[in-house]
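# Observations on chain architecture
Spelled out from the first residue to the last, the chains are:
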Amino acid sequence: MKHSLQYDHYYRYQEIADLLRGYAKAHPELARLTPMGLTPQGREILAIEVTDVASGAWEEKPAYYMEANIHAGEVCGSMVALYLLDTIFSNLEDPQIKQMLERYTLYIVPRLSCDGSEHYLTTPDWVRSAPRPWPYEQDMPGLRRQDLDGDGVSRMMRVPSPYGVWKVSDKDPRLMEKRRPDETDGLFYNVYPEGVVEDYDGLHIPMAPQKFGNDFNRNYPVGWQDDSLQPGAGAYPLCHPETRANADFLLNHPNVCCVLDMHTAGGQILHTPGYKHPKEAHQADMDIYRALGQMGHEETGFPVLNLYTQYMPASSPATYGGFDDFCHFILGVPGFTVECWDLSERAGFPLQYPPAEHLTDEQQLDCAYKHLQWLDENLGKDAFQPWTPFEHPQLGPVEIGGADFKFTQQNPPIKFLEQELEKISRFALRLIRTLPHVVFDKAEARSLGGGLYQVEAVVGNRGYLPTYVFKEGLKLKTLKELTLSLEGAEAVEGKLCQKIGHLQGLSGLNARNSGMGPNTIETEPLQKKISWVVKANPGDVLRLTCQGGRIGAVRTEITLG
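Residues numbered from 1 in each chain as written. Predicted model: local features only at pLDDT ≥ 70, side-chain atom pairs only at ≥ 80, totals over all residues. Heavy atoms only, no water.

Along the backbone of the protein there are 11 helices and 26 strands. Seen through its principal axes, the protein has C-alpha atoms that stretch 110 × 55 × 45 Å. Contacts spanning at least 24 positions in sequence make up 74% of the contacts within the protein whose residues lie at least 6 apart. Of the roughly 24800 Å² of accessible surface on the protein, a fraction of 51% belongs to carbon and sulfur atoms. (Helix = DSSP H or I, 4+ residues; strand = E, 2+ residues; numbered from the N terminus. Contact = heavy atoms within 4.5 Å. Areas by Shrake-Rupley, 256 points an atom, 1.4 Å probe, with all protein chains shown as cover.)

Set out below in structure tokens:
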């Protein structure tokens, strides 16, 4: 497909805002811009809503929600959102794009952590979510990252010391390997992030607590735990304007059926539950995750992993207050987390899942060596700055070196950016096509004479997902069952507005291929039929509407003969 944007840098906030405003201005029949909230530094958190308004309003169609940069430094996620929008608006004549916009609505939030990402992109600082001190208001003692040599990057520094645990590796002088227990003589180092030591006592170099410790992805009201158990959780659930805006938007848009949360890095497609075992979730919902995730694996090559049982080592604690769990257990819709960029896999050091509890010293060195080789072969030897002498204001002679972590490991180097965006966007486009798709299979009226008409309507869900999406969502009192209503005539038999429950999607068909061939078992209805007897006149127009669940509204008309 065609594309119009340049992917030669990571976009800053104003560039993103201008792009979204440009789309809304150039295509008012397809797009509108919705400010979701305001950050503490005064930036608007922007959502762009995209659909073909001629075939129905934004809120009257099943919707897909993509959010990026809940973590400030994971800016590749924002670029995926922009690439998806670029794909759509640069290919409006494409039949698949046209059909998608006729049937569905897209809500896309390219940058949630607007203040944090701007700080990340314009300073050497590392920021988890927001450039706001947490949990300490004042700088705490210990080593704090800084760009000491003024090259715009906070790298690593090695400090010579007879108490050092590292030595120069024989594999490559740029690498460091562990000092052996019996090595008593030689040149040894300790290695730290490039920076200065607050309250340095002349001997010890402990790491200072992270200055910007807020983690938006631990701030949602699902299994939330305070900061003593879940670092970064914040003072209380949704205490940040950014997370509050995100949650409010979704709660105010019940037509959202699926969420894609863009992160980096690691090269995985993750799914909930994250704070409890998947055995505690509905297995039908887990089956949907597996089926949809398989499409993502086909497009990206990323493994599909459950957050609780597969993504983290077995001994790791659960994570609480996650946005994806909020989508699953509060909204009742699937919430995928995509971790873009798989440097270790590309470098030939594949990860196992669940991850090993501990890598041996030899495995760690092999991993570092493979990463270095990949950088040399793909980005040139300048990608890893050799250890360079520097006179530290506190520690004396040190050496500074290493790669730019932000744009080699955390986010793809620019050379590989578009490749990453393209494959994830393919997954997103396939995911959109799985949403519920309710249609009127039949809508007709037959004259009974004397001004009476027999009206019959059949509605069906031709989409993959049910109209309720997740069984988890069925317990929500806010989720309304479908209604089928008729306007334009006087009812004689049958209520003009009738509840019809929900419509299963193709995901609910029990389809198995046994040794003797395929078999289909319908466990819940995909279609419903309703009939009325009404009093009306020839030429009158009857208006039929099916609405509720997460489908928005579907309409058709009958002109009486």
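On we go from here.
On to helix α11 (residues 414-432). Its 19 residues place the ends of α11 27 Å apart at the C-alpha level, agreeing with the 27 Å of an ideal helix rising 1.5 Å per residue. Of all the residues in α11, the buried ones are Phe416, Leu417, Glu420, Leu421, Lys423, Ile424, Ser425, Phe427, Ala428, Leu429, Leu431 and Ile432. (Expected span 1.5 Å × (residues − 1). Buried < 20%, exposed > 50% of the residue type's maximum accessible area, 1.4 Å probe, protein only.)

What follows deals with unusual backbone geometry. Across residues other than glycine, the phi torsion is negative in most instances, and most of the peptide bonds are trans. The linkage connecting threonine 264 with the following residue, alanine 265, adopts the cis geometry, with an omega of 5 degrees. In this structure, alanine 265 sits in the loop between β11 (256-264) and β12 (268-271). Looking along the chain, the bond that leaves tyrosine 353 and enters proline 354 is cis, with omega of -5 degrees. Within the secondary structure, proline 354 is located in the loop between α9 (343-346) and α10 (361-379). One non-glycine residue with positive phi stands out, namely tryptophan 341, at about 75 degrees.

Checked against the element boundaries, serine 4 lands in the segment before α1 (13-26). Looking at serine 4, the relative accessible area reads 54%, which means it is exposed. Along the backbone, serine 4 and tyrosine 83 are 79 residues apart, and their C-alpha atoms lie at a distance of 9.3 Å. When near neighbours in sequence (up to four residues on either side) are disregarded, serine 4 contacts Asp86 and Ser90. At 2.7 Å, the side chain of serine 4 forms a polar contact with the side chain of serine 90. (Polar contact = N/O pair within 3.5 Å; in protein donor to acceptor, adjacent residues only side chain to side chain.)

The subject of this paragraph is the sheet that holds strand β26 (residues 553-559). Spatial ordering of the open sheet is given by β21-β19-β25-β26, a layout of 4 strands whose pairing is antiparallel. Bordering the open sheet on either side are β21 (497-501) and β26, each of which pairs with just one other strand. On average, each strand axis in the sheet is inclined to that of its neighbour by 20 degrees, with strand direction left out of account. In the sheet, strand β19 (residues 482-487) pairs with strand β25 (residues 541-547) via 5 bridges, with the strands oriented antiparallel. Within β25, the position partnered with leucine 484 by the bridge is cysteine 546. (Pairing = 2+ DSSP bridges. Axes fitted to C-alpha atoms, helices over the stretch in contact; angles between N-to-C directions.)

A few words on the packing of aromatic side chains. The full count for this structure, using the stated rule, is 17 aromatic pairs. Their ring planes at 35 degrees and their centres at 5.7 Å tell us that tyrosine 65 and phenylalanine 249 sit as a pair that is tilted. Of this pair, tyrosine 65 sits in strand β3 (residues 63-68) while phenylalanine 249 is found in helix α5 (residues 241-251), placing the two residues 184 residues apart along the sequence. Across this residue pair, the class does not change: tyrosine 65 and phenylalanine 249 are buried. Members of the aromatic cluster, each reached through a chain of ring pairs, are Tyr289, Phe336, Phe427 and Phe470. Taking the ring centre of tyrosine 13 as reference, the NZ or CZ of arginine 43 above it sits at 6.0 Å. Across from the ring centre of phenylalanine 188, 3.7 Å away, lies the NZ or CZ of arginine 179, which sits over that ring. (Phe/Tyr/Trp six-rings, centres within 6.5 Å; stacked < 30°, edge-to-face > 60°. Lys NZ or Arg CZ within 6 Å of the ring centre and 35° of its normal.)

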